[in-house]
Amino acid sequence: MKVEFSEFLENSREKIRKLVTKLNKHYDYVSVLGTDCYGTVFLVNANGVEVRDSAWTERGFVVRIHDENYREFSFNTLEDVDQLEKEIIDSVKLSKLSDKVKISPYPTVEEEKIKKDFSSEVEILPQSVSAEKKIEKLSNMKDEAFKLSDKLKNFNAIYEEVQVNKLFVSTKKELSQSYIWSQGYLQAVVSDGKKMKDNFESFSGLKGVELLDEMKGSVSKTVREAEALLNAERLEPGEYDVICSPDVAGVIAHEAFGHGVEMDMFVKGRAKAAEYMNKRVGSDLVTMHDGAAAAKEVSSYFFDDEGTLANDTVIIEKGILKAGLSDLLSAMKLGTEPTGNGKRQSFERKAYARMTNTFFTPGNDNLDDMIKSIKHGYLLEKYGSGMEDPKNWGIQVMVTYAREIKDGKLTDKVISPIIVTGYVPDLLNSISMVSNDFKLSGSGACGKGYKEFVKVSAGGPYIKAKARLG
């Protein structure tokens, strides 16, 4: 089913064009990004039902003008275009009088003329299914979970659906896009009277209500894994042969050379990767991509928040660092091509160079052979979180649980929690086997430091590496 474009933005199209034309008489580059994003979160657990607006809901406009440097202005509406024109011109004059810090000028954006409308499709549109029916499906999952275990203390079944509509009009471009993404979580909380543990499964994609049917098949797995965590043992810290699941591999990709190659950090001199372009940073088996056009997940779009069309960027090719991820202004400053990675948390926030879908490409091995190749190690199966240091290339990944591998076979021993730490090139150079599987996960959000959250996805195949675990 085709996703229909926002009526609000369609009705604003003529006013946006008029504002761009008026401001173009004063400034050599003008763009307006209109956003209309809305969605709903449904949560069912033992305590009841909650329905609320998605945190990704926003509606408004951001105007960018070039006057030696780029300045931006945000508005909730475009009711009076003449008044907005006056306010922007007056604000620029006033700010130039009060500017105390001299900022090096940026060149004018050079863009080709293009006009195009994009729209995605989903199997089941959110508006075609009632809220009551969605809550019923989530309630059935919760009820099934409680029938499976007398240790279960609570079970969260969460589903979120969001429609994204954006309209970008600049001096030469006019682009529109509308798409839907959804995500879901199943979380089991269990206790044996002495300990309490929780486990989750997540789901995501450029999908509609069909995601609910995908979720219901994982209720038993979520509960059984939570029960297993009650008997989990602690790890003896040390260096081990490990196999990372696609989820864990995705976090490593995201933290290692996702954040590490966001090129606004190159401009600020805060990225060690700038010194390693076209140099080896991983084994020959390591090829890594990022791009809104590189895969179909929650961070796939047709153009970014600066009007740059989506790309597929090869960051690492056979172990050699090839390219970074840039927003429009960073690319102009560095003399490179923008990669379609200019993203904003909302129309009220600045655009930064951000990741989209970041992943290792599959190899030729299979998981069984990878397990057989390990004398003693661990299969790291579910990530918790991650962080990295783009200046010094340290990495840390929290893993919820791992299963022991001994003499080429999985044992029943479960380890939890695990912290993977190390120096990024050491970790990537140790990758010795890569499976032919491929999976992306986009159920979380990524911040720049501690703020500026945007949707991203990450993943890839199973990878075998040598890692320091604690």
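What counts, and at which threshold
Residues numbered from 1 in each chain as written. Predicted model: local features only at pLDDT ≥ 70, side-chain atom pairs only at ≥ 80, totals over all residues. Heavy atoms only, no water. Phe/Tyr/Trp six-rings, centres within 6.5 Å; stacked < 30°, edge-to-face > 60°. Helix = DSSP H or I, 4+ residues; strand = E, 2+ residues; numbered from the N terminus. Buried < 20%, exposed > 50% of the residue type's maximum accessible area, 1.4 Å probe, protein only. Lys NZ or Arg CZ within 6 Å of the ring centre and 35° of its normal. Salt bridge = Lys/Arg side-chain N within 4 Å of Asp/Glu carboxyl O. Pairing = 2+ DSSP bridges.

Explain the packing of aromatic side chains residue by residue, including any values.
Following the criterion strictly, the structure yields 11 aromatic pairs and no others. Where Tyr70 meets Tyr106, the ring centres are 6.1 Å apart and the plane angle is 75°; that geometry is what we call edge-to-face. Pair noted here: Tyr70 is in strand β4 (residues 69-75) and Tyr106 is in the loop between α2 (81-98) and β5 (114-119), with a separation of 36 residues, a long-range link. For the pair Phe118 and Phe302, a centre-to-centre distance of 4.6 Å together with 10° between the ring planes defines the contact as stacked. With a gap of 184 residues between them, Phe118 in strand β5 and Phe302 in the loop between β10 (288-290) and β11 (313-317) connect regions that are remote in the sequence. The buried category is assigned to Phe118, whose relative accessible area is 16%. Residue Phe302 is classed as partly exposed on the basis of its relative accessible area, which comes to 28%. A connected cluster of aromatic rings, assembled from ring pairs, spans Phe257, Tyr276, Trp393 and Tyr423. The ring of Phe8 carries the charged tip of Arg59 above its face, separated from the ring centre by 4.0 Å.

A description of the pattern of salt bridges should follow, citing residues and the corresponding values.
The tally for this structure, following the rule as stated, stands at 35 salt bridges. Across the salt bridge formed by Arg17 and Glu14, the nearest N and O atoms sit 2.3 Å from each other. Taken together, the residues Arg17 and Glu14, both in helix α1 (residues 7-23) and three residues apart, mark about one turn of the helix. Residue class for Glu14 comes out exposed when judged on its relative accessible area of 52%. Note that Lys382 is salt-bridged to Glu201, the shortest N-O span being 2.6 Å. On the criterion of sequence distance, the pair formed by Lys382 in strand β16 (residues 376-389) and Glu201 in strand β8 (residues 196-205) is long-range, its members being 181 residues apart. Taking the relative accessible area as the measure of exposure, Glu201 reaches 11% and is therefore buried. What emerges from the salt-bridge pattern is a single network uniting Glu10, Arg13, Glu14, Arg17, Asp117 and Glu174.

Which residues make up the pairing of strand β24 (residues 457-460), and what are the values?
Side-chain alternation along β24 places Ser457 and Gly459 on one buried face and Ala458 and Gly460 on a second face that is also buried. Judged from the three bridges that link them, strand β15 (residues 357-360) and β24 form a sheet pairing that is parallel. Bridge assignment links Asn357 to a residue of β24, and that residue is Ser457. Pairing of strand β21 (residues 439-441) with β24 involves three bridges; the strand directions are antiparallel. Bridging from a neighbouring strand, Lys439 pairs with Gly460 of β24.

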